[in-house]
Amino acid sequence: MIDLSITEALQKLKSREISATELARAHIERIEKYNPELNAYITVTAERALADAAAADERIKNGDMRTLDGIPIAMKDLFATRGIRTTAASHMLENFVPEYESTVSQKFIDAGTVLLGKSNLDEFAMGTFSKTSYFGAPVNPWQMEKRLTAGGSSGGSTSAVASGLAMGATGTDTGGSIRFPASITGLVGMKPTYGLCSRWGCVAFASSLDTPGPIARTVDDAAALLSAMAGHDAKDSTSADVHLNLDSPLQPILGDGKKLRVGVIKEFNNVKISDDMQKLFNARVADLKSAGAEIVEVSIPNILDALAAYYIIAPAEASSNLARYDGVRYGLRVEGSDIYDTYKKTRAAGFGDEVKRRMIIGTAVLSSESYDVYFMQAARVRRMIANAFNRAFEQCDLIVCPSGAGTAMPLDSDMTPLEYYALDLFTVAMNLAGVPAVSVPCGMASNNLPLGMQVVGKMFDDVRVLELAKHIEQFANIDNRPTKIMGK
Ligand code: GLN
């Protein structure tokens, strides 16, 4: 049962070949067996899962099955869940139990999903390996004995979905936190168009970049999850009032003489990536060409400056967003001699090093001496990149590029902040521009670990992005069944 895709499970649930309760039980057992080693979940909600499953079984029996009825999922522990602690993987919110439900998690409830638990992540979603989690890093189920990273910041979600501790999961992508972890765990992870999925009730990191999105084992599953998550929300001022047709099955976008122009970004040609990544990327581009796509080279002149712009804008917004954790309104409080001393002691104890680093950088670039030279300059680069994407999409319909430079690295590899920031080179530009991008497996590297590549589209072209990703998924044809990756 663990290896079923969401679409397969929905059919079996509908025909009542399996029940939601059986499905939930199989996942809970597997969580009990593997979560101690994988650390994919911060909080497991087994009782809630069984109650959700019983309700789903009842609906299915009565013939009013919902779109994702009975599907067991993991919720990134950044989405507020009423009555269930929501930690953002931080000491600051270690014991925070929200009294409200985030819009995204509410939509999953409405769709009938079964909540297995809250998945691990980097503290406040800041990081690349989920190593900044106050609860310890999740582990990649591929070649588990090697203790490789499942990526970050949505690394608990990718660890859970790849290992069969959930059928699908939510993530958030501010600078690649869905796409990078998906790419090194053999999964499909999508950053939808900014504004397509509501941020309401999602712990804020950098509000103009934060994008909730799905993580799944197949492109069809990712589309099914996205369909449940997307939609206008009056509670989020940047939510887009756009309805995409995500309910009907994805259609082939290539073949039968269909015309499609697929762009390859010229500036990425000179970026050093592993030989395997280069080989697999070239092979998939060649496949697209044989299937009838016209491959065109496009230019996003400032794309290599995206990293610098991102690491100014994201910390700037973070420093402002995280000012709310003062020991008074939410979470941890360490009593001081007066109110200022309480602020100081609470924040000193409540935040980890990476989060503090971001707040210091963010505060510096927003100071009056630095604002024009750093923050405004970064905002200009951001606008130039968004404009360049618009121009590129006059020459092509969709763009493809690598998701990262190579396969998953060991959790104990030592890297400086600048070294791991550099790993976001292929993902941050899409957040700055707001455009939709999905990472889809493009094949297996010579060390038998999966690699991913991205499909990028213009604003609100999320459906076509998924449609092209589905072709790439078929060409790559990797085996990412959980019991194949890590055994029964
Ligand atoms: N690695 C990026 C960062 O540390 C990604 C974060 C994210 O997308 N949440 O900022």
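Look above for the structure.
Residues numbered from 1 in each chain as written. Predicted model: local features only at pLDDT ≥ 70, side-chain atom pairs only at ≥ 80, totals over all residues. Heavy atoms only, no water.

Draft legend 1. Summary view of helix α5 (residues 155-163). Along α5, nine of the nine residues are buried, which leaves the element largely enclosed by surrounding structure. Listed in full, the buried residues belonging to α5 are Gly155, Gly156, Ser157, Thr158, Ser159, Ala160, Val161, Ala162 and Ser163. (Buried < 20%, exposed > 50% of the residue type's maximum accessible area, 1.4 Å probe, protein only. Helix = DSSP H or I, 4+ residues; strand = E, 2+ residues; numbered from the N terminus.)

Draft legend 2. Representation of the packing of aromatic side chains. One pass over the structure, following the stated rule, counts 15 aromatic pairs. When the ring of phenylalanine 96 is compared with that of tyrosine 330, the centres are 5.7 Å apart and the planes differ by 80 degrees; the resulting orientation is edge-to-face. Linking phenylalanine 96 in the loop between β2 (72-76) and α4 (103-111) with tyrosine 330 in the loop between α9 (306-321) and α10 (339-350), this pair joins segments that are 234 residues apart in sequence. The exposure class of phenylalanine 96 is buried, given its relative accessible area of 15%. Relative accessible area serves as the criterion here: at 26%, tyrosine 330 is assigned to the partly exposed category. Between phenylalanine 124 and tyrosine 325, the aromatic rings sit 5.2 Å apart at their centres with planes inclined by 50 degrees, giving tilted as the arrangement. One end of the pair, phenylalanine 124, is in the loop between β3 (114-119) and α5; the other, tyrosine 325, is in the loop between α9 and α10, with 201 residues separating them in the sequence. Here phenylalanine 124 and tyrosine 325 have matching classes, each one buried. Among the aromatic residues, those joined into a ring-pair cluster are Phe96, Phe124, Tyr325, Tyr330 and Phe351. Positioned above the aromatic ring of tryptophan 200, the side-chain terminus of lysine 235 is 3.9 Å from the ring centre. (Phe/Tyr/Trp six-rings, centres within 6.5 Å; stacked < 30°, edge-to-face > 60°. Lys NZ or Arg CZ within 6 Å of the ring centre and 35° of its normal.)

Draft legend 3. Main features of the environment of valine 104. For valine 104, the position within the fold is in helix α4. Here the alpha-carbon distance between valine 104 and lysine 279, two residues 175 residues apart in the chain, equals 37 Å. Excluding residues that lie within four positions of it along the chain, valine 104 makes contacts with Phe79, Thr170, Ser198, Pro212 and Met229. (Contact = heavy atoms within 4.5 Å.)

Draft legend 4. Representation of the sheet that holds strand β6 (residues 212-216). Spatially, 11 strands are ordered β1-β3-β2-β4-β6-β5-β10-β11-β9-β7-β8 in an open sheet, and the strand pairing comes out mixed. A single partner strand is all that each edge strand has here, and the edge strands are β1 (41-44) and β8 (294-298). For this sheet, the mean angle separating the axes of adjacent strands, direction not counted, is 30 degrees. Pairing of β2 with β3, which is carried by five bridges, proceeds in the parallel orientation. Bridging from a neighbouring strand, isoleucine 73 pairs with leucine 115 of β3. Strands in contact with α4 are β2, β4 (168-172) and β6; relative to β2, the strand with the most contacts, it is inclined by about 170 degrees. (Pairing = 2+ DSSP bridges. Axes fitted to C-alpha atoms, helices over the stretch in contact; angles between N-to-C directions.)

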